[in-house]
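If you want the building blocks of each chain, they are given just below.
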Amino acid sequence: MEATLYICQTCRMGAPVPDDGIVPGERLLSAIQAEALPQGIRIEPVACLSACSKGCAVALGRPGSWTYVQGGITPEDAAEVLTMARQYAESAEGVVPWRERSALFRKNTIARIPPFALTKDTL
């Protein structure tokens, strides 16, 4: 099943905009886009994941599965982020077993959000 990797492209990591005008989130997005994208992963840049003090932030999600928000991600982590995204996409319900997660993802989880249940009343 296809999973979406959301990347906070506006993240400044709680710091002023650098002199070159390129914020850390934009650098992270560029680094991830420069890597080979695993099958079943779609990249979606977003304006803000509201994790400014824990940036750079990414989120992994797909319909009917758990969603993960991760912080403390740097451009140097791009390949590791895509490995986790591949594992997530290949998992049954978006749950990658704890021991199979990289240290980066075990230590930098900001939130684990349960699948949304859409009903007639919530549509």
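Residues numbered from 1 in each chain as written. Predicted model: local features only at pLDDT ≥ 70, side-chain atom pairs only at ≥ 80, totals over all residues. Heavy atoms only, no water.

Participant: Let's hear about the overall build of the protein chain: which residues, and what values?
Facilitator: Along the backbone of the protein chain there are three helices and five strands. Reading the protein chain from its N terminus to its C terminus gives the helix and strand order β-α-β-β-β-α-α-β. Seen through its C-alpha atoms, the protein chain measures out along the principal axes to roughly 50 × 35 × 25 Å. The burial tally for the protein chain puts 39% of its 123 residues in the buried class. A separation threshold of at least 6 residues defines the contact pool for the protein chain, and within that pool the share at least 24 residues apart is 69%. Counting 12 positive and 13 negative side-chain charges, the protein chain places the averaged centre of each group 8 Å from the other. (Helix = DSSP H or I, 4+ residues; strand = E, 2+ residues; numbered from the N terminus. Buried < 20%, exposed > 50% of the residue type's maximum accessible area, 1.4 Å probe, protein only. Contact = heavy atoms within 4.5 Å. Lys, Arg positive; Asp, Glu negative; His and termini not counted. Charge placed at Lys NZ, Arg CZ, Asp CG, Glu CD.)

Participant: If you had to explain the pattern of salt bridges to someone new, which residues and values would you point to?
Facilitator: Per the stated rule, a full pass over the model turns up four salt bridges. Ionic pairing is found between E2 and R42, a salt bridge with its closest N-O pair at 3.8 Å. In this pair, E2 sits in the segment before β1 (3-8) while R42 sits in strand β2 (residues 41-46), placing the two residues 40 residues apart along the sequence. Overall, the relative accessible area of 47% leaves E2 in the partly exposed class. (Salt bridge = Lys/Arg side-chain N within 4 Å of Asp/Glu carboxyl O.)

Participant: Break down the environment of M84 for me, citing the residues and quoting the values.
Facilitator: Tracing the backbone shows M84 in helix α2 (residues 78-90). Using a relative accessible area of 3% as the deciding quantity, one classes M84 as buried. Through-space distance from the C-alpha of M84 to that of W66 is 14 Å; in sequence the pair is 18 residues apart. Residues within four places of M84 in sequence aside, it is in contact with L60, V96, R101 and F105.

Participant: Account for helix α1 (residues 24-33), naming residues and giving values.
Facilitator: Within α1, burial applies to P24, G25, L28, L29, A31 and I32. Projection of α1 onto a plane perpendicular to its axis shows the buried side chains occupying an angular sector of 165°, all on one side. The inward-facing, buried residues of α1 contact β1, β2, β3 (58-61) and α2. (Arc of directions from axis to C-beta.)

Participant: Provide a residue-level description of the packing of aromatic side chains, including the pertinent values.
Facilitator: For the coordinates displayed, the defined rule picks out one aromatic pair. Relative to Y88, the ring of Y68 lies with its centre 6.3 Å away and its plane at 85°, an arrangement referred to as edge-to-face. Residue Y68 is found in strand β4 (residues 67-70), and its partner Y88 is found in helix α2; the two are separated by 20 residues along the sequence. A residue is classified by how much of its surface remains accessible, and Y88, at 0% relative accessible area, is buried. (Phe/Tyr/Trp six-rings, centres within 6.5 Å; stacked < 30°, edge-to-face > 60°.)

Limitation: the analysis is restricted to geometry and does not speak to function.
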